[in-house]
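Chain by chain, the residues run as shown.
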Amino acid sequence: MRHFRELKGATPKGLTDSIEKMVEKRGNRLTDSQKVELDTYAKRLFELQVKKRKLMERAIRGEDVEAELKEVNK
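What counts as what
- Residues numbered from 1 in each chain as written.
- Predicted model: local features only at pLDDT ≥ 70, side-chain atom pairs only at ≥ 80, totals over all residues.
- Heavy atoms only, no water.
- Helix = DSSP H or I, 4+ residues; strand = E, 2+ residues; numbered from the N terminus.
- Buried < 20%, exposed > 50% of the residue type's maximum accessible area, 1.4 Å probe, protein only.
- Contact = heavy atoms within 4.5 Å.
- Areas by Shrake-Rupley, 256 points an atom, 1.4 Å probe, with all protein chains shown as cover.

K.L.:
Explain the overall build of the chain here, please?
P.N.:
In terms of helices and strands, the chain carries four helices and zero strands. Going from N to C terminus, the chain has its helices and strands arranged as α-α-α-α. Among the 74 residues that make up the chain, the fraction classed as buried is 14%. Taking contacts inside the chain between residues at least 6 apart in sequence as the whole, the part at least 24 apart equals 33%. Accessible surface, the chain: about 6400 Å² in total, of which carbon and sulfur atoms supply 55%.

K.L.:
What should I look at first to understand the side chain of T16 in this one?
P.N.:
Mapping T16 onto the fold places it in helix α2 (residues 12–25). Taking relative accessible area as the criterion, T16 reaches 6% and is therefore assigned buried. Beyond its immediate stretch of four places on either side in the chain, T16 contacts L38, D39 and A42.

Just geometry here; none of it tells us what the structure is for.
Below is the structure:
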């Protein structure tokens, strides 16, 4: 649970650095293409988190955003 709390307040760069450190701690290395892919996924994750938070705020105000929330949660 602690890790999830830390990730929630992290940045895409912080997330990718943490994952790279975990990989290296196990004696492996990411290739350049894997690093690019990881960076892409991390940025997309954070974009979706922001979008979800904004949709939740709209839902709290009474707007019907159920379909959009389902799409973001995919």
